[in-house]
Amino acid sequence: MAVTTTTATGRIHSWDLSTGVDGPGTRFVLFVSGCPLRCLYCANPDTWHMRDGKGTTVDEVMTEIEKYRGFITAAGGGVTVTGGEPLLQPAFTGEILRRCKEAGLHTALDTSGFLGARATDELLSHTDLVLLDIKSFDIDTYRHLTGGELAPTLNFATRLDRLGVPMWIRYVLVPGWTDAPEPVDGLARFVAGLDSVDRVDVLPFHRLGAAKYEALGVPFPLPDTPSPAPDSVERVRQQFRAHGLRAY
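Residues numbered from 1 in each chain as written. Predicted model: local features only at pLDDT ≥ 70, side-chain atom pairs only at ≥ 80, totals over all residues. Heavy atoms only, no water.

Caption draft 1: Layout of the environment of V202. Assignment of secondary structure puts V202 in strand β8 (residues 197-204). Residues V202 and V233, spaced 31 residues apart in sequence, show a C-alpha to C-alpha distance of 7.1 Å. Here V202 is in contact with Y171, L173, V233, V236, R237, F240 and Y248, once residues within four sequence places are set aside. (Helix = DSSP H or I, 4+ residues; strand = E, 2+ residues; numbered from the N terminus. Contact = heavy atoms within 4.5 Å.)

Next up, the structure:
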């Protein structure tokens, strides 16, 4: 099959290679710029604004990806588009996913789902896996934690399930914010009703991005919040497992 070229443009922050955290295998991870949310625990505040990103074309991105094709495919990996929020630039993100699929590469979209309505069915048809970050199942907590609303993410999850798009659910465990048992159990019940969910990743909160806030001259919102205790992380994982889900 001939590979189509395009001059579609977008703005990116950077790219990296990772193993085991951004989808299966070793991944080429593209960080696009811009995000509509302001999560209190965000580790990448340097990706918030599109204006701070580097302008590039899909062709340029694909040229970079091709340099690592042998490495990532040999390790059972592929390409993950993350951010920021990739669906803030849906045409650019969609073209990258399409081109990667044309090239025979496994594709993953890492998103909060807040802008899920911007993902066309065509974009999702080129997406092998969605890493869906559901930040809280409590409406008020979600609003205070992110500055956004929960409903669009849940609607997107339901749509992905209807389309049969595989999902990995991501849940960041933040002491005092997302560790209350009742909302976790509510989320577990909701997720258990989605047939296309393959697994749930419970991710402990950390302060590794604090230095980025300092460099930007922005106060880190959770300076006194500790990482969750191991037994708290395991308790939340067990809550998901109690509903028949694979949780890690």
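Next comes the rest of the account.
Caption draft 2: Expanded view of the pairing of strand β7 (residues 167-173). With respect to burial, β7 is a largely interior element, seven of its seven residues being buried. As defined by bridge partners, strand β6 (residues 129-133) adjoins β7 across four bridges and the pair is classed as parallel. Following the sheet pairing, V130 is matched in β7 by M167. Across seven bridges, the pairing between β7 and β8 is parallel. Within the sheet, the bridge partner assigned to V172 lies in β8 and is L203. Note on the crossover from β7 through helix α7 (residues 181-192) to β8: the handedness is right-handed. (Buried < 20%, exposed > 50% of the residue type's maximum accessible area, 1.4 Å probe, protein only. Pairing = 2+ DSSP bridges. Right-handed = clockwise from strand over helix to strand, strands pointing away.)

Caption draft 3: Spatial organisation of helix α5 (residues 139-146). Considered for burial, the residues of α5 that qualify are T141, Y142, L145 and T146. Projected down its long axis, α5 carries its buried residues within an arc of 105°, all on one side. Summarising the geometry of α5, the exposed residues directed more than 90 degrees from the buried face are I139 and H144. Each element contacted by the buried residues of α5 is listed here: α6 (151-163). Backbone nitrogen of D140 and a side-chain oxygen of the N-cap are separated by 3.2 Å at the start of α5; the cap is D138. (Arc of directions from axis to C-beta. Polar contact = N/O pair within 3.5 Å; in protein donor to acceptor, adjacent residues only side chain to side chain.)

Caption draft 4: Representation of the sheet that holds strand β2 (residues 26-32). Pairing is mixed across the open sheet formed by eight strands, whose spatial order is β3-β1-β2-β4-β5-β6-β7-β8. In this open sheet, the two edge strands, each paired with only one partner strand, are β3 (54-57) and β8. Adjacent strand axes in the sheet meet at a mean angle of 30°, parallel and antiparallel pairs treated alike. The pairing of strand β1 (residues 9-19) with β2 spans seven bridges and is classified as antiparallel. Note that in β2 the partner of I12 across the bridge is V32. On the sheet, helix α9 (residues 230-241) packs against β7 and β8 and is oriented at approximately 165° with respect to β8. (Axes fitted to C-alpha atoms, helices over the stretch in contact; angles between N-to-C directions.)

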